[in-house]
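# Descriptive structure summary
One-letter residues, chain by chain:
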Amino acid sequence: MKLRKIYIPILGIFSFLFTACHDLDLQPLSQASSETWFTDGPQVEMALNTLYLHQFWPMFKCDWGETAIMSLDEASDDWMNRTTLIPFTNGTLNGDNSTFLKNTWSYSYKAVSRANTILENIERSKVNLSAEYYERYIADARFVRACMYSRLISRFGDVVYYSQNMALEDAYKAGRTEKGEILKHIYEDFDYAAEKLPAEYASSETKRATKGAAYAMKARIALFFNDYETARDAAKSCIDLNYYELYPDFGELFKSKTKNSIETVFGIPRDIAYGSAIPANGVKPYLSRNVTSPSATAQPSWDLFCSFLCIDGKTIDVSPLYNPNEPFKNRDPRCSYTIVEFNSDYFGFNYTVHPDSAKCWNYNLAQFVPNKDSKAGDQYASYNGLMLRKGIDEDWNDDFYANNDKLIMRYADVLLMYAEAKIELNEIDQSVLDAMNMVRARAYKVAYTSGNYPKIAETDQANLRRILRIERRMEFAFEALRYDDIIRWKIAEIVMNRPNYGLPTSVADCKKLVTSQLWFFGGVPAIDENGCPDFSRMNNISKYRVLSKRVFDPQKNYLWPVPASEILINPDLGNNPNY
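What you are looking at is a predicted structure, and each value in this text was computed from that prediction instead of being measured.

### Describing the overall build of the protein chain
What the protein chain contains, in helices and strands, is 21 helices and twelve strands. Over its C-alpha trace the protein chain gives a radius of gyration of 24 Å, about what one expects of a compact globule, namely 25 Å for 579 residues. For the protein chain, the spread of C-alpha atoms along the principal axes amounts to about 80 × 50 × 50 Å. Burial analysis of the protein chain (579 residues in total) assigns 61% to the buried set. Sequence separation of 24 or more characterises 71% of the internal contacts of the protein chain that already satisfy a separation of 6 or more.

### Observations concerning the packing of aromatic side chains
Enumeration over the complete set of coordinates arrives at 42 aromatic pairs. Here tyrosine 52 and tryptophan 57 contribute two aromatic rings whose centre-to-centre distance is 6.1 Å and whose plane-to-plane angle is 10°, an arrangement assigned as stacked. Judged by relative accessible area, which is 4%, tryptophan 57 ranks as buried. Measuring from ring centre to ring centre gives 6.4 Å for phenylalanine 521 and phenylalanine 535, while their planes differ by 40°; the resulting arrangement is tilted. In this pair, phenylalanine 521 sits in the loop between helix H20 (507-515) and strand E10 (526-527) while phenylalanine 535 sits in the loop between strand E11 (533-534) and strand E12 (545-549), placing the two residues 14 residues apart along the sequence. This pair shows no difference in class: phenylalanine 521 is buried, exactly as phenylalanine 535 is. Over the ring of tyrosine 107 we find lysine 110, and its NZ or CZ is 4.2 Å from the ring centre.

### What about the pattern of salt bridges?
For the structure shown, the criterion picks out 49 salt bridges. With its nearest N and O atoms 2.9 Å apart, the salt bridge here joins glutamate 475 to arginine 410. Within this pair, whereas glutamate 475 is found in helix H17 (residues 461-476), its partner arginine 410 is found in strand E8 (residues 406-410), the two being separated by 65 residues in sequence. Here aspartate 528 and arginine 498 are joined by a salt bridge, their closest N and O atoms 3.1 Å apart. Within this pair, whereas aspartate 528 is found in the loop between E10 and E11, its partner arginine 498 is found in the loop between helix H19 (492-495) and strand E9 (499-502), the two being separated by 30 residues in sequence. Exposure class is identical for aspartate 528 and arginine 498. Each is buried. One salt-bridge network, held together by shared partners, links Glu263, Asp332, Arg334, Lys390, Arg410, Arg440, Arg442, Glu471, Glu475 and Glu479.

### A closer look at the pairing of strand E6 (residues 359-362)
Taken together, the four bridges between E6 and strand E7 (residues 367-370) define a ladder with antiparallel strand orientation. Residue pairing across strands places asparagine 362 opposite glutamine 367, the latter belonging to E7.

### Remarks on the environment of glutamate 74
For glutamate 74, the position within the fold is in the loop between helix H2 (41-49) and strand E1 (79-80). With relative accessibility at 8%, the residue glutamate 74 sits in the buried group. Placed 406 residues apart in sequence, glutamate 74 and alanine 480 show a C-alpha to C-alpha distance of 8.8 Å. A polar side-chain atom of glutamate 74 sits 3.0 Å from a polar atom in the side chain of lysine 61. Of the polar contacts made by the side chain of glutamate 74, one reaches the backbone nitrogen of serine 71; its length is 2.9 Å.

### Describing the nonpolar core
In terms of nonpolar packing, the biggest core is built from 117 residues, with Trp57, Phe143 and Val414 touching the most fellow members. No other element matches the 14 residues that helix H5 (residues 131-156) contributes to this core. In this structure, Leu287, Val353, Ile392 and Met474 belong to the second largest nonpolar core, which totals 50 residues.

### Observations regarding the packing of helix H15 (residues 411-424) against helix H16 (residues 430-444)
Axis angle and axis distance: for two packed helices, these are the angle between their axes and the distance between the axes, and together they describe the pair. Interaxial distance between H15 and H16 falls to 9 Å at its minimum, and their mutual angle equals 145°. Crossing of H15 over H16 shows left-handed handedness. Contacts from Ala412, Leu415, Leu416, Tyr418, Ala419, Lys422 and Ile423 of H15 reach H16 at Ser431, Val432, Ala435, Met436, Met438, Val439 and Arg442. Grouping the amino acids of the contact of H15 with H16 by side-chain chemistry returns eleven nonpolar, one polar and two charged.

### What to know about unusual backbone geometry
Excluding glycine, residues mostly have negative phi values, and the peptide bonds linking residues are mostly trans. Here the bond from serine 293 into proline 294 is cis, since omega is 0°, no more than 30 degrees from zero. Residue phenylalanine 520 is bonded to the preceding tryptophan 519 through a cis peptide linkage, with omega at 10°. Tracing the backbone shows phenylalanine 520 in the loop between H20 and E10. Despite not being glycine, phenylalanine 38 has its phi angle at roughly 60°, a positive value. One can find phenylalanine 38 in the loop between helix H1 (31-36) and H2.

Analysis parameters
Residues numbered from 1 in each chain as written. Predicted model: local features only at pLDDT ≥ 70, side-chain atom pairs only at ≥ 80, totals over all residues. Heavy atoms only, no water. Helix = DSSP H or I, 4+ residues; strand = E, 2+ residues; numbered from the N terminus. Rg over C-alpha atoms; globule rule 2.2 N^0.38 Å. Buried < 20%, exposed > 50% of the residue type's maximum accessible area, 1.4 Å probe, protein only. Contact = heavy atoms within 4.5 Å. Phe/Tyr/Trp six-rings, centres within 6.5 Å; stacked < 30°, edge-to-face > 60°. Lys NZ or Arg CZ within 6 Å of the ring centre and 35° of its normal. Salt bridge = Lys/Arg side-chain N within 4 Å of Asp/Glu carboxyl O. Pairing = 2+ DSSP bridges. Polar contact = N/O pair within 3.5 Å; in protein donor to acceptor, adjacent residues only side chain to side chain. Core = buried A, V, L, I, M, F, W, Y, C linked by side-chain atoms within 4.5 Å. Axes fitted to C-alpha atoms, helices over the stretch in contact; angles between N-to-C directions. Left-handed = near helix turned anticlockwise from the far one by under 90°. Nonpolar A, V, L, I, M, F, W, Y, C, P; charged D, E, K, R; others polar.

What follows is the structure in structure tokens.
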């Protein structure tokens, strides 16, 4: 069995070794600890293991503990939480009103300092290590450092850069380094990691980052900064390792029972036994009212729902197969793998939001029961009628803890990054089409060489770019990737200034849609040049409810503000434009 990803059963054991006096965490070890640690392989490994705590890889609501803070998807157009917006989506973001922002800064720097501490002290363990493991451990620390700086410059632009931990007096007056210069150092760290990390681990070894992960994460940050040649080459290097494959079943891939899949290039496991499971505060928001309450506050948006293609490969505004009264019919399989289809089995309940459905069928009891997933049964039922299915397993509602692997990098992403880089370079060839078709065909559970799915054959650059962007959205919904996509494509100023739509407030108004034959949708939204729905151009849109009006200022929101607490400590940091 090929073991490609992290599995660390001692998460958190040695977190006591690292203490901080400042958010940059520039002095993570006391002098006494530094002098008595890092003398052999087990000590170095224990230090390395702490770099893979979930708090250093934030993607979802409870990555910093039991308290639900924010999922990165909440800052995108894939997300709907009733009428609620957050500072990232309501135009109020500043350096003091987002815990997610402040934690992203501080925990990224804590990980950087931990990595630097390992690199500065590993020399004393050299006598007790083989040359291979000595270099591997260095590569592991440099991999994590590169990932942390990749996050920092993609969020904040120019940031403080240090490859050796600074004294506090120096830290308090440290200036910001230009992001392009930092990117060069990131590439150097990833290159070293790719050279020295193993492609796979033996079954007896602790599994952390691999050669493939280094290539893939380098491709991701290169693509973010439009360095398409570097992204192409790094993604191709990962592909050419021939260690990864697409998992055969898209729907099963994200469930808690699927562990260490052949598609995982880089991921971190969760396990309730080691305190790393998703807690109830991070689980219940995704579940429906029939399952539990409070709930139904983390739903797919109509924007996401209407972005899934039909089975002829066309968008819903041009496909003759699309029926707004039966919106799940004839859609790409990933639509119903991602969003709960109407009248399907959901935790033993027939999921229906129809306003006439005050009761629904309970498959476990074999009888009708009150239906809290319809406004006829609960005023807090999903405000837009949609519920997330992707990654939600039947074992979620036993204790409301979830053990799903955190998938940071999938092989599907490597394939689509390779394709995107080649498209942007206008190097469109069969390898581009093959990469995209492999991903699409997997959703249909057929070979990409077959003709039993809507195969991509387009070679025009603009048209293929649009197809690629739609493909990414269908493939990676609710995997904390959409936000980065709309930022790097510079389309956030379009999609994040469109309203979030949902169903009318009252049951009576919902029933009027039924009698007018406007249920579930009363029309078809236009799909724009980026593959995104524009509901303002949909017939009868006035009969539906504007749940919230997103706000995105392109003059400042493509970067995040520097945390106010950091500027207070070090005024030389300054802030990003217009904050």
